[in-house]
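Fold and geometry: a report
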Number of protein chains: 2
Amino acid sequence: MSQRKGRSALTRTELDSWRVFIETTEDLRTALAGRLQAESGISVGDYRVLLELSEAPGRRLRSSHLADAIGWERSRLSHHLGRMEKRGLLTRDTAAGDNRGAEAVLTDEGHDALRRSSVPHFHAIRELFIDALTPGQLAAARDIAETLRDHLAGLKGPGD
Amino acid sequence: MSQRKGRSALTRTELDSWRVFIETTEDLRTALAGRLQAESGISVGDYRVLLELSEAPGRRLRSSHLADAIGWERSRLSHHLGRMEKRGLLTRDTAAGDNRGAEAVLTDEGHDALRRSSVPHFHAIRELFIDALTPGQLAAARDIAETLRDHLAGLKGPGD
DNA sequence: GATACCTGATTGACACGTCAATGTTAGGCG
DNA sequence: CGCCTAACATTGACGTGTCAATCAGGTATC
C-alpha cells in the first residue's frame, strides 16, 4: 500500500500479459472483420453505419449525429460514407433546415446488405468470442473492458 | 450440459459484453498508438520491427524471419520496411547466400529511435493498461486472452 | 448589411493493411 | 544443360484511418 503506481519498470509477467492481450484482441478483430467481409461483402465499419442508419427514423441521419452515435471523427465518417455511397449502400442529401448539414440515407440495397449480414455476423461473434469463454470469463471480460473504458475516459478528458 | 453451443441468438448481455470488449480494446490500441506516435514519432508497427531487429545478431534479419517473428504477412512487412527505409530507420540488403532473400538492417538512427521510444512506451502501457486493472483483473485478462488465442488458433488451422 | 466568427462537412496527403499479380532466384530432374 | 516448380520478396490497387486545411452556410455584432 505504500507503493505509488506507475513508477517501476514492467515485470516480465506484466509485459507478457500486455502482449498476449493486445495481440489477441487484435487477432480477434481481424478474424471478425475477415468473416464479415467474406460472408457478406461488407466491412465492420460498413456494418456499424448500416445498423445505425437502419434504426433511425426514416432510415436517415445527420452526419454529425451518426458520427457521435458510433464514436467516429467526422473526417473518418465522411470518407467512409463516400465509399459506401459509391457502392450504392446509401445516398447523401443536404439536411432539411440547415444547408450546411448532410444527411445519410439508407438505400434498399444498403438495408438488404445489413439484413443479409446480421445473422452470419452474430454467428461469428458467438463462435469466435462468446463460445470460446466460460460464463465466468465472459463476465470477467466485460468487467475488465468496462474498467479499461472508464480508465481511458478518465485519462482523456477529465477537464473537458 | 445438454445444450449445444452456438445455436441460439445472442442474449442482450452477451451482445453488450461483446461490444464493450471489442470497442474498448480498439480504443486502447488507438490510445497506445497515439501516445507512441506523439511522444516518439514512430508507429506501433515501427516499434515492433525496430525491437525485433535490435535483438537480432548484427541487427539484421531476413525478411521472412522477421515476418514470422512478428506474425505479419510478407506483403505487409515489405510495405512497412519500404516506409521505414525511406525514413532512414533501416536499410535493405540482399541476403548472403541466397540472392532471392532480403535482409533488413537497423541503422544507427533506427536504433536511436527505439532507445528513445522504449521508456515512454512502457510507461504508456503501464498507465493505460496495467495500472488500470487490479492484479486479479490483470491475471484474468491474461487468462481470457490466452483462451481466445488458443480458440482462434484451433478454428483457423486444425488441419494445417 | 458588412464583418467576423462559429459550425458542419469535405478534401488531400499520407500511413497502414489485405489481396492478387508479378518478378527473380534456387533446386530438382529429365 | 534446360525446363519446371517452389520459395522469397515486391508491387499495385484499393479500403481504411488520422491530421491539417479548406469550404460553405449560419449567427452575432456593430
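These numbers come from a predicted model, not from an experiment.

Residues and elements named next belong to chain B. Read from one edge to the other, the open sheet built from 3 strands follows the order 1-3-2, with strand pairing classed as antiparallel. Every other strand in the sheet has two partners, leaving strand 1 (60-62) and strand 2 (90-94) as the edge strands with one partner each. Each adjacent strand pair in this sheet contributes to an overall mean axis angle of 25°, direction not counted. Pairing between strand 2 and strand 3 (residues 102-106): 5 bridges, direction antiparallel. Across the sheet, D93 pairs through a bridge with E103, a residue of strand 3. Packed onto the sheet, helix 2 (residues 44-54) meets strand 1, strand 2 and strand 3 and runs at close to 90° relative to strand 3.

Within the structure, DNA strand D sits among 22 residues, and S43(A), S75(A), R83(A), S64(B) and H79(B) are positioned closest to it. By atom count, sugar and phosphate contribute 65% of the portion of DNA strand D lying within 4 Å of the protein. Within the contact set of DNA strand D, a base nitrogen lies 2.5 Å away from a side-chain nitrogen or oxygen of S75(A). Between DNA strand D and R83(A) there is a distance of 2.6 Å, counted from a phosphate oxygen to a side-chain nitrogen or oxygen. Per-element tally for the surface near DNA strand D: the top contributor is helix 4 (residues 74-86) of chain A, with 5 residues.

The rules behind each value
Residues numbered from 1 in each chain as written. Chains lettered and ligands numbered in written order. Predicted model: local features only at pLDDT ≥ 70, side-chain atom pairs only at ≥ 80, totals over all residues. Heavy atoms only, no water. Pairing = 2+ DSSP bridges. Helix = DSSP H or I, 4+ residues; strand = E, 2+ residues; numbered from the N terminus. Axes fitted to C-alpha atoms, helices over the stretch in contact; angles between N-to-C directions. Contact = heavy atoms within 4.5 Å. Near = heavy atom within 4 Å. Polar contact = N/O pair within 3.5 Å; in protein donor to acceptor, adjacent residues only side chain to side chain.

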